[in-house]
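# Fold and contact review
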Amino acid sequence: MGADIRLLDAPFAPGAAVDAFAAAHPQAGGITSFTGQVRLDSDVLALELSHYAPLTLPGMTALGEQVLARWPLAGLLIWHRTGLMRPGEPIVLVAAAARHRRDAFQAADYAIDHLKSDAWFWKREQRADGWHWIEPREQDHADLARWRESPA
Amino acid sequence: MGADIRLLDAPFAPGAAVDAFAAAHPQAGGITSFTGQVRLDSDVLALELSHYAPLTLPGMTALGEQVLARWPLAGLLIWHRTGLMRPGEPIVLVAAAARHRRDAFQAADYAIDHLKSDAWFWKREQRADGWHWIEPREQDHADLARWRESPA
Amino acid sequence: MVTLVFLGRLAGQAGGATRQLPAPLDWAGLLGALDTVLAAQIASDRVRLALNGALLADKTQLQAGDGDEVALLPPVSGG
Amino acid sequence: MVTLVFLGRLAGQAGGATRQLPAPLDWAGLLGALDTVLAAQIASDRVRLALNGALLADKTQLQAGDGDEVALLPPVSGG
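The present account deals with the structure reproduced in this document. (Residues numbered from 1 in each chain as written. Chains lettered and ligands numbered in written order. Predicted model: local features only at pLDDT ≥ 70, side-chain atom pairs only at ≥ 80, totals over all residues. Heavy atoms only, no water.)

## As for the sheet that holds strand β1 (residues 2-6) of chain C
Residue and element names in this part refer to chain C.
- The mixed open sheet is built from 5 strands, whose spatial order is β2-β1-β7-β4-β5. Across the chains shown, the open sheet's two edge strands, defined by having one partner strand only, are β2 (18-21) and β5 (54-55).
- In the sheet, strand β4 (residues 48-51) pairs with β5 via 2 bridges, with the strands oriented antiparallel. Each residue of the ladder has a partner; that of A50, found in β5, is L55. (Pairing = 2+ DSSP bridges. Helix = DSSP H or I, 4+ residues; strand = E, 2+ residues; numbered from the N terminus.)

Right, dumping it as structure tokens:
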């Protein structure tokens, strides 16, 4: 079974995607999902995500294979928006279906942590004074380090 | 802000609930949710959950308050079905919205681990040969022990 | 009267989800009113008692009066 | 011709997402064709190069021919 990996250039509804994903994996007892959305922040008017097609989708696909190899999952979904997004719009959806909920939690957690490093996205925010590129965050490095210190 | 805690005696759609929850917390950057559903298993025809109202809802409410006190969340949702359920139907939905995704993951993970011990539910499965009560699982004890060993 | 509420598998073993017993009712009276198999189960460490929705720290200290509800709670089910 | 693709903030600094340079193109030729500020950024350890979608382990070994695409990749953004 392969993962459901998509780059989307238009808004999507995470709930409908997760319900369809859950229904497609009725042998799974649990589905963990994570939705990242554009935060409503008084300063941010819009967010733009750019990607480099020859690297971004292969990076997501490789991550999907890595997650499927590491946990016994019934299914895995990784969807990521590109283009221009407004506050409240979903940016990313990760869902993992598994027989046991610990596997579903760890797989979804790992996937979202690694999506930042294994897939190539560049973000900029539009504020009142113009567009600003978003730099890598220290917290992302700390999140990734968790997985190196203690194998799941 | 209080948690959205419900005991439901009829089927519900987790996706619509999570989308509404996400929309209600636009200041949160991430929403982690867990859906437990009745596994499609060749042996199991139906699942029945019974509860004791004077203990079950207060147990869920206390758990919600505990989770809100432990992590900086924008919102928390804990819904649990009771009554008779067929394979594929959702049993439980937990969702945590937070500014930072690590908080959302840990809060949802903790809530579902503790729901088993802090809320009072008794389950039985209908198989071809009749109804069978489900006993506590060793894995549940191991899941709870994780939180005692390492504070989040 | 005191209402007993049997939860989970105890309901099947008691032959019903509820039963009425005369008030007042204490721990010895409760055990004495049930058949020996059911009484032994309720005496086990794994079964807890709630009086009007409040768990008893020590179930042997049960003191139920007229109109009270005593719930008999076996271990909850796993996931 | 070789197509350069500037990603992220490099696109703004290059004044456009793509640029064409004559083939063949090596690392010295690339740096020499860009203004000094942009060349210094691309020479930094934090910027990686991909040739036709494949990351180069050592970007100074770049050898691009006619029709090739060279992507200039700054660090990806945090969450």
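## Section: the packing of helix α2 (residues 53-70) of chain A against helix α3 (residues 101-118) of chain A
Residues and elements named next belong to chain A.
- Interaxial distance between α2 and α3 falls to 10 Å at its minimum, and their mutual angle equals 150°. By the criterion of interaxial angle, the relationship of α2 to α3 is roughly antiparallel. When you trace α2 past α3, the crossing you get is right-handed. Facing α2, whose interface residues are G59, M60, L63, Q66, V67 and R70, α3 presents A107, Y110, A111, H114, L115 and D118. (Axes fitted to C-alpha atoms, helices over the stretch in contact; angles between N-to-C directions. Parallel < 35°, antiparallel > 145°, perpendicular 65-115°, else oblique. Left-handed = near helix turned anticlockwise from the far one by under 90°. Contact = heavy atoms within 4.5 Å.)

## A closer look at the pairing of strand β3 (residues 44-51) of chain A
Residues and elements named next belong to chain A.
- Examined bridge by bridge, β3 and strand β7 (residues 121-127) share 7 bridges and lie antiparallel to one another. Directly across from V44, in β7, lies its bridge partner R127.
- For β3 and strand β5 (residues 83-85), the ladder comprises 3 bridges, and the chain directions are antiparallel. By the bridge assignment, L47 is partnered in β5 with M85.

## Some points on the packing of aromatic side chains
- In the structure shown here, the tally under the stated rule is 8 aromatic pairs over all chains.
- Both rings, one in F34 of chain A and one in F105 of chain B, keep their centres 5.5 Å apart while their planes meet at 20°; by these two values the pair is stacked. A residue pair is termed interchain when its members come from two chains, as with F34 of chain A in strand β2 (residues 30-37) and F105 of chain B in helix α3 (residues 101-118).
- Classification of F34 of chain A by relative accessible area gives buried; the value is 4%.
- Classification of F105 of chain B as buried rests on a relative accessible area of 3%.
- Summarising the aromatic geometry, the rings of W71 of chain B and Y110 of chain B are spaced 5.2 Å apart at their centres and angled 65° between planes, so their arrangement reads as edge-to-face. A residue pair is termed long-range when its members are at least 10 positions apart, and W71 of chain B in the loop between α2 (53-70) and β4 (73-81) and Y110 of chain B in helix α3 qualify at 39 residues.
- A relative accessible area of 3% places Y110 of chain B in the buried class. (Phe/Tyr/Trp six-rings, centres within 6.5 Å; stacked < 30°, edge-to-face > 60°. Buried < 20%, exposed > 50% of the residue type's maximum accessible area, 1.4 Å probe, protein only.)

## Some points on the pairing of strand β4 (residues 73-81) of chain A
Residue and element names in this part refer to chain A.
- Counting buried positions along β4 yields 9 of 9 residues, so the element is predominantly enclosed.
- By the bridge criterion, 5 bridges tie strand β1 (residues 4-8) to β4 in an arrangement that is parallel. Residue pairing for β4: I5 is matched across the bridge by I78.
- Summarising the sheet, β4 and strand β6 (residues 90-98) pair through 7 bridges and their orientation is antiparallel. By the bridge assignment, G75 is partnered in β6 with A97.

## What about helix α3 (residues 36-43) of chain D?
Residues and elements named next belong to chain D.
- Taken together, the buried positions of α3 are L38, A39 and I42. Summarising the axial view, the buried residues of α3 lie within an arc of 100°, below the 170-degree limit, and thus occupy one face. Across from the buried face of α3, at angles greater than 90 degrees, the exposed residues are T36, V37 and A40.
- Residues of α3 that are buried in the fold lie against β1 (2-6), α1 (9-14), β2 (18-21), α2 (27-33), β4 (48-51) and β7 (69-73).
- One side-chain oxygen of the residue at the start of α3 lies 3.0 Å from the amide nitrogen of V37, identifying that residue as D35. (Arc of directions from axis to C-beta. Polar contact = N/O pair within 3.5 Å; in protein donor to acceptor, adjacent residues only side chain to side chain.)

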